[in-house]
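Chain by chain, the residues:
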Amino acid sequence: AGESLLHDRVRSLTCVEIEPSVAAGAALFGRESHGALRDPRLHLVIDDVSNFLHTTSGRYRVISADEKTALNYASNGFSYSREYYALLRGHLAPGGLVLQWVPATLPPSEYAMVLKTFSESFPHVLLGFFMPALRDSSYNTILIGSDRRIVLDRERMRRVMQSEKRAFGRLAHYGLADPDAVLAQLVAQDDDVRNAVRFARENTLVHPRYEFYSPRDYAVPLKARVAASLDFIRRLREAAAPALLTAVRGLDAAASDRLRRAQAAEQAFLAGYRVSLSPVSINEIFRRYDAALALAPWNENLRARIYLHYTDIGASQRNPAIRAFMRKRALAVYDPAAASH
């Protein structure tokens, strides 16, 4: 809520929180949330989201839903159900957007089920992702749904990101400082997403398959689940890249080439990240990440992720000399001279 209220164009924001103590505790973190609870634009509702949506007639331009992003949270099958998505869609203003965060650490069958259920619930969908700092984590994916085609306008993105520096400046910390870095994080949209999960089952309240998963799915080691998610995303990105590039407005020949290289760099990074989950030499990881960054050296988001990955690898080493070496290699991502010091 606090990050959303940094956007001056937000006239009002409704925050639905099920747990009263969370709202009370939020008052202790006013600096981190930019004083959200004191902002007159914020309307805080203590309620279950299902009950709230069933009892309000409000329609919203954006609905951002953060149901589960950590492995140690309890499962929440309702928030990945066809009925829940129908509720969200019913409360969208024309052309409005629903955004839902989905952890890619789910077992492949559960992950495909969520994508299937979401993509069949909205006429238009867009799938994106972002990279965590820790190597043993996986991508968190972002599902966006709408009743109208989701327009990707590079020039408009550039104007908005430059004019609303207070809000978008927060993303610059992660290297998301320009439209190309953001667009390179997109995977696929519409039928490309639906085709990728066409054989998956849907999750509904009548058939709550997400809630009654097979324990065998979660017995699979985390790294294996992460690897399966990476393989799925890489295949989908490769298949959908031409259509996604064509869908972006405001591209001249130079911009088109720049975005194409950014997409290729992401694919190279994903391949390197996937390799790093298996027993492999550190030099092989260096080789793959150096190749990825060479494809799009201007992409500060890519650079930040490689830096964080090297730092994480170094932190896991017992040998102080190796830790120091990895620290130098991480610094060299930003300052090549640091590697020789």
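Computed from a predicted model, the values in this text were never measured in an experiment.

Draft legend 1. Spotlight on the pairing of strand E6 (residues 140-146). Most of E6 is tucked away: seven of the seven residues are buried. Relative to E6, strand E4 (residues 92-103) runs antiparallel, the two sharing six bridges. Across the sheet, residue Gln-100 finds its bridge partner in E6, namely Leu-143. Looking at chain direction, strand E5 (residues 124-130) and E6 are connected through seven bridges and run antiparallel. Following the sheet pairing, Leu-126 is matched in E6 by Ile-144.

Draft legend 2. Region of interest: helix H11 (residues 253-276). Taking 1.5 Å of rise per residue, 24 residues should cover 34 Å, and H11 covers 35 Å from first to last C-alpha, within 8% of that figure. The residue sitting at the N-terminus of H11 and contributing the capping side-chain oxygen is Asp-252; that oxygen lies 3.2 Å from the backbone nitrogen of Ala-254.

Draft legend 3. Structural view of the pattern of salt bridges. If you walk through the whole model with that rule in mind, you get 16 salt bridges. Note that Arg-329 is salt-bridged to Asp-290, the shortest N-O span being 2.8 Å. Taken as a pair, Arg-329 in helix H14 (residues 320-332) and Asp-290 in helix H12 (residues 282-295) lie far apart in primary sequence, 39 residues in all. According to the relative accessible area criterion, Arg-329 is buried, its value standing at 17%. Salt bridges linked by common partners bring Arg-154, Asp-180 and Arg-258 together as one network.

Draft legend 4. Local environment of the nonpolar core. Counting 57 residues, the largest nonpolar core has Tyr-85, Tyr-111, Val-114, Leu-127, Ile-306 and Tyr-310 as its most contacted members. Here this core takes seven residues from helix H10 (residues 222-247), the largest share from any one element. Excluding residues within four positions of it along the chain, Val-114 makes contact with Tyr-80, Tyr-85, Val-102, Leu-106, Leu-143 and Tyr-210.

What counts, and where the lines are drawn
- Residues numbered from 1 in each chain as written.
- Predicted model: local features only at pLDDT ≥ 70, side-chain atom pairs only at ≥ 80, totals over all residues.
- Heavy atoms only, no water.
- Buried < 20%, exposed > 50% of the residue type's maximum accessible area, 1.4 Å probe, protein only.
- Helix = DSSP H or I, 4+ residues; strand = E, 2+ residues; numbered from the N terminus.
- Pairing = 2+ DSSP bridges.
- Expected span 1.5 Å × (residues − 1).
- Polar contact = N/O pair within 3.5 Å; in protein donor to acceptor, adjacent residues only side chain to side chain.
- Salt bridge = Lys/Arg side-chain N within 4 Å of Asp/Glu carboxyl O.
- Core = buried A, V, L, I, M, F, W, Y, C linked by side-chain atoms within 4.5 Å.
- Contact = heavy atoms within 4.5 Å.

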